[in-house]
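# Structure at a glance
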Amino acid sequence: MDKSKASQLAVMMTDKLPAEIMPAVIAELEKIPDDQISVVQMAVSQMKNPSTALILSFFLSGGRAYIGEAWKTVFIWILWLFSSLIIPFIVALIWWIIDLISISKDTKKKNWNVLRQSLSWGK
């Protein structure tokens, strides 16, 4: 793939992947044949937006379900349900704060795994 196509695809992925791996991603994109462009585009379409995950985590504690970790969302909802008791409330509040801090980073990691698996990188 030529550099301009690789750069265009990289721009589409800039906010969805960790910044530190973008130079390596661009280098790998330049190496793939043109017939695999559709595979990369499909991988990009499957990536989740870290901002959406953060908003869902803030308002509904549902960012984890958005990125495919539904059991964590169900657990936090159960904690919030029983939050009239002091211990579940404290645990739910701490979990919610930690989740807000880490959800964007975790979303980008999952997106990186989607791209690697679709192109069989790192195997």
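As the structure is a computational prediction, the values presented were derived from the model and not from experiment. (Residues numbered from 1 in each chain as written. Predicted model: local features only at pLDDT ≥ 70, side-chain atom pairs only at ≥ 80, totals over all residues. Heavy atoms only, no water.)

### Brief notes about a nonpolar patch on the surface
On the surface, Ile86, Ile87, Phe89, Ile90, Val91, Leu93, Ile94, Ile97, Ile98 and Ile101 cluster together into a nonpolar patch covering about 910 Å² of accessible area. Inspection of the secondary structure assignment puts Ile101 in helix α7 (residues 86-119). (Patch = residues over 30% accessible without salt bridge, like charges linked within 9 Å, V, L, I, M, F, W, Y side chains within 5 Å. Areas by Shrake-Rupley, 256 points an atom, 1.4 Å probe, with all protein chains shown as cover. Salt bridge = Lys/Arg side-chain N within 4 Å of Asp/Glu carboxyl O. Helix = DSSP H or I, 4+ residues; strand = E, 2+ residues; numbered from the N terminus.)

### A few points about unusual backbone geometry
For Ser61, which is not glycine, the phi dihedral falls at a positive 55°. With respect to the helices and strands, the residue Ser61 is situated in the loop between α4 (50-60) and α5 (63-66).

### Quick look at the nonpolar core
Counting 19 residues, the largest nonpolar core has Met13, Leu17, Val25, Leu29, Val40 and Leu115 as its most contacted members. For this core, the secondary-structure elements that each account for two or more residues are α1 (3-13), α2 (22-31), α3 (37-46) and α7. When neighbours within four sequence positions are excluded, Met13 is seen to be in contact with Met22, Val25, Leu29, Val40, Val44, Met47 and Leu115. (Core = buried A, V, L, I, M, F, W, Y, C linked by side-chain atoms within 4.5 Å. Buried < 20%, exposed > 50% of the residue type's maximum accessible area, 1.4 Å probe, protein only. Contact = heavy atoms within 4.5 Å.)

### Focus: empty space enclosed by the protein
This model, assessed by the stated rule, comprises one cavity of 30 Å³ or more. A volume near 50 Å³ is recorded for the largest cavity. Considering the residues around the largest cavity, the lining is formed by Ser61, Arg64, Lys72, Thr73, Ile76, Trp95, Trp96 and Asp99. Sorting the residues of the lining of the largest cavity by element identifies α6 (70-81) and α7 as the ones contributing at least two each. (1 Å grid on protein atoms, 1.4 Å probe; cavity = no way out; pocket = protein on both sides within 12 Å on 5 of 7 lines; lining within 4 Å. Points joined across faces, edges and corners; volume = space filled by probe spheres on them.)

### Some points on the pattern of salt bridges
Under the criterion given, the structure shown has six salt bridges. Put simply, Glu69 and Arg64 hold a salt bridge, and the shortest N to O gap is 3.1 Å. Like Glu69, the residue Arg64 is buried in the burial classification. Note that Asp99 is salt-bridged to Arg64, the shortest N-O span being 2.5 Å.

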